[in-house]
Amino acid sequence: MMKHYILSLNPTAKHEWDRCILRDPLTAKRPDIAKMVAEAIGTNGGSYLVSVNIEIKVLEEASMPQFDQLSLNITEVMEKPQLREAA
């Protein structure tokens, strides 16, 4: 079974859990890897030694957007007359 996910890496994230996020591209939900393994094994109870093969291929890379700070000159804003609607 082949599954595709979106991996978001943000080393400057405020919280540890936001630094590395794996999500489904359609639902944006985080995958439950343990649940996927359990579904592959079946419904029989017990303990299992399992082998999980994860092959990673980068299909496309989208870099994080860089936001430039805009400066606002307050004197220009205050000097311009404000237009009022005619009643």
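Residues numbered from 1 in each chain as written. Predicted model: local features only at pLDDT ≥ 70, side-chain atom pairs only at ≥ 80, totals over all residues. Heavy atoms only, no water.

Quick look at the environment of Val58
Here Val58 shows up in the loop between helix H1 (33-41) and helix H2 (74-79). Remark: the alpha-carbon pair of Val58 and Leu7, spanning 51 residues in sequence, is separated by 9.5 Å. (Helix = DSSP H or I, 4+ residues; strand = E, 2+ residues; numbered from the N terminus.)

Focus: the layout of surface pockets
The calculated volume of the largest pocket comes to roughly 1,400 Å³. Surrounding the largest pocket, 28 residues form its lining, Lys3, His4, Tyr5, Glu55 and Ile56 being those nearest its centre. Contributions of two or more residues to the lining of the largest pocket are made by strand S1 (6-9) and H1. Of the residues contributing to the lining of the largest pocket, the split by class is 19 nonpolar, 4 polar and 5 charged. (1 Å grid on protein atoms, 1.4 Å probe; cavity = no way out; pocket = protein on both sides within 12 Å on 5 of 7 lines; lining within 4 Å. Points joined across faces, edges and corners; volume = space filled by probe spheres on them. Nonpolar A, V, L, I, M, F, W, Y, C, P; charged D, E, K, R; others polar.)

Quick word on a nonpolar patch on the surface
On the surface, a nonpolar cluster with roughly 590 Å² of combined accessible area is contributed by Ile41, Tyr48, Val50, Val52, Ile54 and Ile56. Here Val52 shows up in the loop between H1 and H2. The class of Val52 is partly exposed, set by a relative accessible area of 48%. (Patch = residues over 30% accessible without salt bridge, like charges linked within 9 Å, V, L, I, M, F, W, Y side chains within 5 Å. Areas by Shrake-Rupley, 256 points an atom, 1.4 Å probe, with all protein chains shown as cover. Salt bridge = Lys/Arg side-chain N within 4 Å of Asp/Glu carboxyl O. Buried < 20%, exposed > 50% of the residue type's maximum accessible area, 1.4 Å probe, protein only.)

What to know about the confidence of the model for the protein
Looking at the protein as a whole, its pLDDT mean stands at 81, while 72% of the residues score no less than 70. Per-element confidence in the protein ranges from a low mean pLDDT of 58 for H2 to a high of 92 for strand S2 (residues 20-23). (pLDDT = per-residue confidence, 0-100.)

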